[in-house]
Structure formats: C-alpha cells, structure tokens
There are 2 protein chains.
Amino acid sequence: MTTRPPADIGMPAAEIDTPALVVDLDAYERNLDRMAASLAGTRLRLRPHAKTHKSPVVGLQQVARGAVGVCCQKVSEAEAMVNGGVRNVLVTNEIVGPRKLARLASLARQAEVGVCVDDPQNVRDLDAAARAFGVRLPVLVEVNVGANRCGVEPGEPAATLARQVAAQPGLRFAGLQAYQGRAQHIQDVEKRREAIDLAIAKVRESVDALSRAGLPCEAVTGAGTGSYRFEAASGVYTEIQAGSYIFMDADYKKVEGFPSEFENALFVLATVMSRATRDRAVVDAGLKAFSVDSGMPVVQGRPDLEVQRASDEHGVLLLRDPAAPVRVGDRLFLIPGHCDPTINLHDWYVGIRGGRVEALWPIAARGAVV
Amino acid sequence: MTTRPPADIGMPAAEIDTPALVVDLDAYERNLDRMAASLAGTRLRLRPHAKTHKSPVVGLQQVARGAVGVCCQKVSEAEAMVNGGVRNVLVTNEIVGPRKLARLASLARQAEVGVCVDDPQNVRDLDAAARAFGVRLPVLVEVNVGANRCGVEPGEPAATLARQVAAQPGLRFAGLQAYQGRAQHIQDVEKRREAIDLAIAKVRESVDALSRAGLPCEAVTGAGTGSYRFEAASGVYTEIQAGSYIFMDADYKKVEGFPSEFENALFVLATVMSRATRDRAVVDAGLKAFSVDSGMPVVQGRPDLEVQRASDEHGVLLLRDPAAPVRVGDRLFLIPGHCDPTINLHDWYVGIRGGRVEALWPIAARGAVV
C-alpha cells in the first residue's frame, strides 16, 4: 500500500523521518551526465534499465539526456513507464500467460513497446496477442551469453527462433537481447573483461547465424553498469542497458576499475534507536528498509561503524571504537548493498540538495512484479 | 505504490496472475485455531505479532479467536492496525524522534497503545509527548534476554529504568518486553530450550529487581513461534507474541520438534517463463517477490525442483531430474524462506479455498517502516 512521504519539500534534511530512501541530487545528476558523456559521439544508444529506479520521473530525466527510452523486466513496470510519459520501452524479458500478453499488446498501442522470447510456443502466443490488438510487436530473441538464466543458446538456435519470429504477421524480428548479468559484479576487471569477451563471441556467433539465414540484426542490446565499456567497445552491441550507474551501491563499490567513475547517490537514512551497551548500537532500518542479498549496507563516512546484522526492522551496528560518538537519535546514511531490491521496498525518493529536501518522486513501479 | 490485485474474487486459482502472494485459507485457519487451542485454559494472553502479516484483516481474525490485541514494530504499523479496527496495540520497540513520538501519543487517544524503552532520554521524550497529547502511555522496559539487539541488561538496569518510567506523570510502567528473537530458529529443540531457559532466568532476575524496588510487574511479554511453548510453561511470561505461526515458512520448517504443528499456509505463486535448457527452468519471481535473507524458497510438492538462485525478477530452478515435467506456463507454489519480509513486498493476499479465489485482503501496512 502506498505510504505517506517521509518528508516535505523544503524541509531541512535533518528533519526527514526515518527510514527514508534519500537521493543526493547533485551526485545523481553527475552520474546521469557521466554516462551520457561516455557514450556521446559513438553510435551506441543508451537504454537504461528502469528495473533499478522504477520511476518514470527518473526515466524521463534519462531520456532528456539522450537515452532512447528505457528497459523494463515486467509488463506492470512498462505500464508505469508509459503512463508516466516514457515513449519507448523494451521489456528485456519473456512474458508468459494470456493476461500479461494482452496487457503488453495493448500497451503497444500507446507507445513503442518491445519484448524478448526464448520459446517457440511463446512466439505463437505473442503473435496471437499482437494480432488481437492490431499491433506489430518488435521482438528480440534472447541469447544465453553466459548468465545461464533465460535465453536460447547462441548460434543456430538463436537464428531458428528469429526465423520463426520473422514469419509471424503480428511480430517484427528486432534483434538480439544479450545481457551477461553474472559478469557485472566480478571484482577483478580482467576476469570481468574475459566474461564479456565470451559473451561478445556468443553474440557474434549468433549474428553470423542470422546473417546466413538472411535475417539482418538491427540491434544487439545488453550490458550493465559493471561491464558497459566492454560491450560499448565490442563493435557488435548497439545498445547499452546499464541501470545501477545512476545510484550505485555498496556491492558495486567493491568492483575494481570502472564503474568507479560513478558516485554513491542513494542512501537509506536511518536513526539510532538504541545504544544500550558500549559496543553496540541499533538503527531503525532492517530487512524491510534495505535488501541484504548482496551484503549488508555500509555506513557512509563512518568507517568506525559496521552493520553487523539485520532483522526485520533493526540494523545492529558494531562499534569498532566503543568511544566513538553514537547516540540515540543520531542519523546515519546507509549505502545499500544492492540498490534495485532496496528501492523496491520504498514508495518515495526523497531528493536532497544543499541539506534541504528538494524533491519527492513517487516510485510508481514499486511492487510492480506482474 | 499500491498495485492492482493479481486476481478477482471467484476466479479459479489457475487464473491468478503471477507472481502473487497466496494464502491457503484452510491451512491458515487451522493454524489460527491451533495456537488459540494451545493457550486455552492457561492464564497466558496471546498478542500475535502484526509485523508478520501487516494486515488488520488478519489481526481482527486473531482477536476474534481470543487474542488480546497485536504487537507492532513501527508507529506506522500501529496506525494501520488501529485504523483497521484493532483496539489494543503494543509497539514492541523503541520509538525515537519528535515526529514519531507525536504520532504515537496521538494514536493512544484512539486505542490502547503501549511502547517499549531502553534509554533514559527516550523516557523523558516519551513523557513529554504523552503529556502534550493528554494521554498516559503504558510503557514496558525492554530487557536484553540474549538477542543482543535492543534492551537494557537484566536485573538492576531494568529496575532503574522502570523506576524512571514510573516517576513520569505521562507514563505508566506496564511490565517487561523480553523477546529472544535469535533463539526462534535454532534447529535443535534442546539447544532452543537452553537459550530460552537463559532468557527466562534473565526475566526472573529483572522481576526480582523490580520487586526489590517496590514495582509490581504486571506483564512479561515475548516469545515467538519457534519457542512459545517454553515461555508459556515458564510461569513468568504472561503474554505470547508469536507471529509466523499463521503462515510458517521454509526456514521454520527446518526447525526440529514444535512448531511443526503449524502448516505452510503462505506461498508465492510463480509461473515458469523459460525452459531453454534440459536442466534449468526459470520462474517469474525473484528478489522482488520473495525475501532470501533466510535462504531460497522451496517448491511445494516438487522435491525434484530446487530454487538455485534468484536475481531481481527471476528464480532459477535446478531440475534434479531433467526428464521431470516442467514447461513454460507451468505454475509453482513457492514456500518463502522467510515470511515477514516476503509479505512486505506485496500489496495483496490472495486467499484461496477449494481451488478458487475467496478473498483479497489488502496488506495495509506494507512498506510501513517509519
């Protein structure tokens, strides 16, 4: 259910109620500008992933800086983006079931909406839905480039499915989805490069198979914040899907080399609610305020404090220096371990600049899982 | 933001859109009845924890079966419960900051609302807020009985803080909060008993210290689903706060001995969206549909399938038997690893009985973290 915003516009940041999801607007805007600059002058399109931010407000700011549109993972996310004014959405995922397919095809009457496939029956179902709504859907074949999640195997299997897509009157074969999600967080930059080199080889193999089948491949889309420079330099990728670069998180900050050019711009603001012993303090943010799937949050600017464990509504801090000043009521900025599922726990971004609340942006696709 | 319900009342369960949070109403009601029966005839009050279900619909069903009221962890949860008709709420947590204290005191004008403390300044702030709203707040002293989270140390420190509470005109000393959260999931039943025996000893030490200070201790409240029988038999606890017993989860099912009397009644219904290789299938539910802090979900009734890993919107299934029937479009009931933070990801309970959707209950306190 939608909660009230934990702040008011114009309020000093010191008065924001906690826990709150806070964006450092200066750092966030610098991140937007840095990504735009890094692709400027190339032929690469930027299509940032909206599964990170789940907000058309952010999506439109990305488009204003040159992004071609956004990616989504769910039809409900795509609906939130289109309803919020984003005109070009690629669902980088397989969509299954008659209710979802009808929603997807219907949405394509209002905006440019593409989707991915890896299954022959799903191609037929998608075609039927598209024709029922009188649209011709751009469809990308998802190729498994090493993540071992969705996607057909590279080469001939990709070409076979693409041929089937191209033969459907309600569909248009629009290229390859080739995202290596498991490479993004490999800490060693050379090992990360090797993983992406392998992905690039699998893309080439697939593009060659398409070519032999007489199917031009107008787009190869993929890449994330941890690897985007490799795909950008590959000569085969045409579109970059990075998402986390806008906010970063504690896990991405452990990754060596790039993407260190991006700053932490997203925080869970928490308040110390208990300091009952010398070596321990407890904050009012736990598993329902930040996600721990990629590790505990890090306390910004306080290397003397470590988030040791989290329960549903509590974060337990270990005080490396028991003499360090930590008192009930103190406010701490936690850098979440993983930004995407953390954002999905909140209804509002509280944007701050110069110590003041400047923006309250609804996270319109929070909870949009269907 | 509030999402649309993924089902309609009366619909066959086979048509529920996925992922969806599904309650097996028969199993859930049996769980409610079992807990009520296990405390019937004792002097123990049941005050189930609403942080589990976050829904006044469920809270009122617990009250209808004899519960004295509910517990909450957050003021915003308590607001949702009171607004939904629950007349007696204990916030089993420390509440810090002027905005929250004002909301808490104001809420106490509408219902019986208690709170916990472990800090002298917080006692003074609470008293000021209570007097500003013309209420006398019942206040429990939280004692650290082994969880090493919030709470003063047992014995004299508890009595000292209780004396301070009793001296405030806006507050009423109402007993001890003594919850050993870390004992609940200890798998070995004897080790669990030892942890709770230690907690009980710390409670006795504190009650004795209160007695020496001339302060009667009208309530000792605590206990969870994994340990409630031990606290119930202790002779010192007066109130049981178990929450998870209504739904259970995969982690609680690993615990030996009781609480095995309770059934899994909560599921994340998911659809197979990809079956691109022989040994792997992918479902449309990931970190944004279930919490993994206590491990991966378990597929109900399908020991041949293992949820191997989860990314934001995908769950990757390992097929122990590659010949097993798993096809795109198949629907699977996942038992979440940890029910509380999983529920907090969803806006609606879809209640099913006899293969049909019978109830859609709003999760009114979803996201209520402030």
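Residues numbered from 1 in each chain as written. Chains lettered and ligands numbered in written order. Predicted model: local features only at pLDDT ≥ 70, side-chain atom pairs only at ≥ 80, totals over all residues. Heavy atoms only, no water.

### Regarding the interface of chain B and chain A
Counted only if it meets this: Contact criterion: two residues are considered in contact whenever any of their non-hydrogen atoms come within 4.5 Å of each other. A quick way to say it: buried area is the sum, across both parts, of accessible area lost when two parts are put together, with a 1.4 Å probe. When a carboxyl oxygen of Asp or Glu is within 4 Å of a side-chain nitrogen of Lys or Arg, the pair counts as a salt bridge. Whenever two N or O atoms come within 3.5 Å, that pair is a polar contact, provided that in protein one can donate a hydrogen and the other can accept it, and provided that, for residues adjacent in sequence, both atoms are side-chain atoms. Only DSSP runs of H or I with at least four residues qualify as helices, and only runs of E with at least two residues qualify as strands; both kinds are numbered from the N terminus onward. Residues were grouped as follows: Ala, Val, Leu, Ile, Met, Phe, Trp, Tyr, Cys and Pro as nonpolar; Asp, Glu, Lys and Arg as charged; and all remaining residues, including Gly, as polar.
Contacts between the two partners involve 70 residues from chain B and, on the opposite side, 70 residues from chain A. Carbon and sulfur atoms supply 51% of the area buried between chain B and chain A, which totals about 5600 Å² over both sides. Where Asp347(A) meets Arg366(B), a salt bridge forms, and the shortest distance between an N and an O atom there is 2.9 Å. At the boundary of chain B and chain A, one finds 32 residue pairs in polar contact (both at pLDDT 80 or more). Of all elements in the fold, only helix H4 (75-83), strand S4 (88-94), helix H5 (98-107), strand S10 (266-277), strand S11 (280-283) and helix H11 (339-343) of chain B reach the threshold of two or more residues within the side of chain B that touches chain A. Grouping the constituent residues of the side of chain B that touches chain A by class yields 26 nonpolar, 17 polar and 27 charged.

### A short note on the packing of aromatic side chains
Basically, it comes down to this: The criterion for an aromatic pair is that two Phe, Tyr or Trp rings (for Trp, the six-membered ring) have centres within 6.5 Å, with stacked assigned to planes under 30 degrees apart, edge-to-face to planes over 60 apart and tilted to the rest. Only when the NZ atom of a Lys or the CZ atom of an Arg is both within 6 Å of the ring centre and within 35 degrees of the ring normal do we say a charge sits over the ring.
As enumerated under the stated definition, the model contains 18 aromatic pairs over all chains in all. The cationic tip of Arg192(A) hangs over the ring face of Phe258(A); the distance from NZ or CZ to the ring centre is 5.5 Å.

### Observations concerning the state of the cysteines
Here, the word disulfide means a covalent bond between the sulfur atoms of two cysteines. Residue and element names in this part refer to chain B. For the record, the criterion: Our working definition of a disulfide is a cysteine sulfur pair at a distance within 2.5 Å. Throughout, exposure labels follow a simple rule: accessible area from a 1.4 Å probe, protein chains only, divided by the maximum for the residue type, with under 20% read as buried, over 50% as exposed, and the rest as partly exposed.
Overall, the coordinates contain zero disulfides over all chains when judged by the stated rule. Cys 116 forms no disulfide, and the closest cysteine sulfur to it belongs to Cys 71, at a distance of 8.8 Å. On the accessibility criterion, Cys 116 (0% relative accessible area) is buried. We note that Cys 217 lacks a disulfide partner, and the nearest cysteine sulfur, in Cys 116, lies 12 Å from it. Accessibility expressed as a relative area gives 23% for Cys 217, which makes it partly exposed.

### Focus on the sheet that holds strand S6 (residues 137-142) of chain B
Residues and elements named next belong to chain B. This is how it is decided: Paired strands, as defined in this entry, are two strands with at least two bridges between them according to DSSP. Angles run from 0 to 180 degrees between N-to-C directions of axes, and those axes are lines fitted to C-alpha atoms, restricted for helices to the stretch in contact.
Judged by pairing direction, the sheet is parallel, and its eight strands sit side by side in the order S2-S9-S8-S7-S6-S5-S4-S3 without closing on themselves. The open sheet is flanked by strand S2 (45-46) and strand S3 (70-72), the only strands paired with a single partner. In the sheet, strand S8 (residues 220-222) pairs with strand S9 (residues 239-240) via two bridges, with the strands oriented parallel. In the strand pairing of S9, Thr 221 is matched with Glu 239. On the sheet, helix H6 (residues 120-132) packs against strand S5 (112-117), S6 and strand S7 (171-177) and is oriented at approximately 160° with respect to S5. Together, S7 and S8 form the strand contacts of helix H8 (residues 189-212), whose direction differs from that of S7 by roughly 150°.

### As for unusual backbone geometry
Apart from glycine, the bulk of residues carry a negative phi angle, and the bulk of peptide bonds sit in the trans form. Omega for the peptide link from Thr18(B) to Pro19(B) comes to -5°, which places this bond in the cis form. Of the consecutive residues Phe258(B) and Pro259(B), the connecting peptide bond is found in the cis state with omega at 15°. Positionally, Pro259(B) belongs in the loop between helix H10 (250-253) and S10. A positive phi angle, close to 60°, is found at Met248(A), a residue other than glycine. Position of Met248(A) relative to the elements: it lies in the loop between strand S9 (239-240) and helix H10 (250-253). With relative accessibility at 0%, the residue Met248(A) sits in the buried group.

### Digging into a negative patch on the surface
All names here are of chain A. Stated precisely, the cut-off is as follows: Excluding any residue in a salt bridge, patches collect residues exceeding 30% relative accessible area, merging like charges within 9 Å and nonpolar Val, Leu, Ile, Met, Phe, Trp and Tyr side chains within 5 Å. Residue-level accessible areas treat just the shown protein chains as cover; the underlying method is Shrake-Rupley with a 1.4 Å probe. Only four residue types enter the charge count: Lys and Arg as positive, Asp and Glu as negative, with His and the chain ends excluded. Lysine's charge is taken at NZ, arginine's at CZ, aspartate's at CG and glutamate's at CD.
Side chains of Asp 188, Glu 194, Asp 197 and Glu 256 sit close together on the surface and give a patch of like negative charge. Mapping Glu 194 onto the fold places it in helix H8 (residues 189-212). With relative accessibility at 54%, the residue Glu 194 sits in the exposed group.

### Re the pairing of strand S7 (residues 171-177) of chain A
Residues and elements named next belong to chain A. With six of seven residues buried, S7 lies mostly within the body of the structure. Sheet topology places strand S6 (residues 137-142) next to S7; six bridges connect them, and they run parallel. For Val 139, the partnering residue across the bridge sits in S7 and is Phe 173. Bridge analysis of S7 against strand S8 (residues 220-222) gives two bridges, and the strand direction is parallel.

### Structural notes on the side chain of Lys54(B)
Relative to the assigned elements, Lys54(B) resides in the loop between helix H2 (50-53) and helix H3 (56-64). A relative accessible area of 0% means that Lys54(B) is categorised as buried. Here Lys54(B) is in contact with Lys288(A), Glu77(B), Met81(B), Asn344(B), Ile363(B), Ala364(B), Ala365(B), Arg366(B) and Ala368(B), once residues within four sequence places are set aside.

### A few points about H3(B)
Residue pairs spaced three or four apart in an α-helix point in one direction, given the helix's 3.6 residues per turn. Residues and elements named next belong to chain B. Here is the rule: It is the directions from the helix axis to the C-beta atoms whose arc is reported.
Buried residues of H3: Pro 56, Val 58, Gly 59 and Gln 62, and no others. Projected onto a plane normal to the axis of H3, the buried residues spread over an arc of 155° and lie on a single side. Where the residues of H3 are buried, they touch helix H1 (25-39), H2, S3, H4, strand S16 (348-353) and strand S17 (356-362). Following H3 by one or two positions, Gly 66 adopts a phi angle in the positive range, close to 110°.

### Quick word on the relation of the copies chain B and chain A
Formally: Least squares is used to superpose the copies, and the fit set is the C-alpha atoms of residues whose pLDDT is at least 70 in both copies.
Least-squares fitting of chain B to chain A yields an RMSD of 0.0 Å, with the transformation described by 0.0 Å of translation along the axis and a rotation of 180°. Both chain copies can therefore be described as sitting about a two-fold axis. By C-alpha distance to the rotation axis, the residue of chain B lying nearest is Thr2(B), at 2.6 Å. In this assembly the copies share their binding face: 100% of the residues contributing to the interface of chain B also contribute to that of chain A.

### Remarks on the confidence of the model for chain A
To be explicit about the condition: Within a predicted model, pLDDT stands for the predictor's per-residue confidence, ranging from 0 to 100.
With 100% of its residues at a pLDDT of at least 70, chain A reaches an overall mean of 96. Among the scores for the predicted complex, ipTM is 0.95 and pTM is 0.96.

### Concerning the pairing of strand S14 (residues 315-319) of chain A
S14(A) sits mainly inside the fold: four of its five residues count as buried. Hairpin remark: strand S13 (residues 305-310) of chain A followed by S14(A), antiparallel, with four residues in the connecting loop.

### Regarding the side chain of Ser234(A)
Residue and element names in this part refer to chain A. Among the structural elements, Ser 234 can be located in the loop between helix H9 (228-232) and S9. Assessed through its relative accessible area of 11%, Ser 234 is described here as buried. Of note is the side chain of Ser 234, whose polar atom sits 3.1 Å from the backbone nitrogen of Val 236. When neighbours within four sequence positions are excluded, Ser 234 is seen to be in contact with Ile 200 and Arg 204.

### Description of the environment of Gly10(B)
All names here are of chain B. Within the secondary structure layout, Gly 10 lies in the segment before strand S1 (20-24). A sequence separation of 265 residues divides Gly 10 from Arg 275, and the C-alpha atoms of the two residues are 31 Å apart. Residue contacts for Gly 10: discarding those within four places in its chain leaves Arg 356 and Val 357.

### Some remarks on the environment of His346(A)
All names here are of chain A. Position of His 346 among the secondary structure elements: in the loop between helix H11 (339-343) and strand S16 (348-353). Note on His 346: relative accessible area 5%, which makes it buried. Counting along the chain gives 213 residues from His 346 to Phe 133, while the straight-line C-alpha distance between them is 34 Å. Setting aside chain neighbours within four positions, we find His 346 in contact with Ala 20, Leu 21, Val 268, Ala 289, Ile 363 and Arg 366. Separated by 2.8 Å, the side chain of His 346 and the backbone oxygen of Ala 289 make a polar contact.

### Focus: the packing of helix H7 (residues 156-166) of chain A against H8(A)
Residues and elements named next belong to chain A. Applied cut-off: Angles are sorted into four bins: roughly parallel if under 35 degrees, roughly antiparallel if over 145, roughly perpendicular if 65 to 115, and oblique for all others. Take the far helix as your reference; a near helix turned counterclockwise from it by less than a right angle gives a left-handed crossing, and one turned clockwise gives a right-handed crossing.
Closest axis-to-axis distance for the H7/H8 pair is 8 Å, and the angle between their directions is 45°. Between H7 and H8, the angle falls in the class oblique. The chirality of how H7 crosses H8 is right-handed. Here H7 contributes Glu 156, Ala 158, Ala 159 and Ala 162 to the contact with H8, which in turn contributes Ser 206, Ala 209, Leu 210 and Arg 212. Residues of the contact of H7 with H8, tallied by class, amount to five nonpolar, one polar and two charged.

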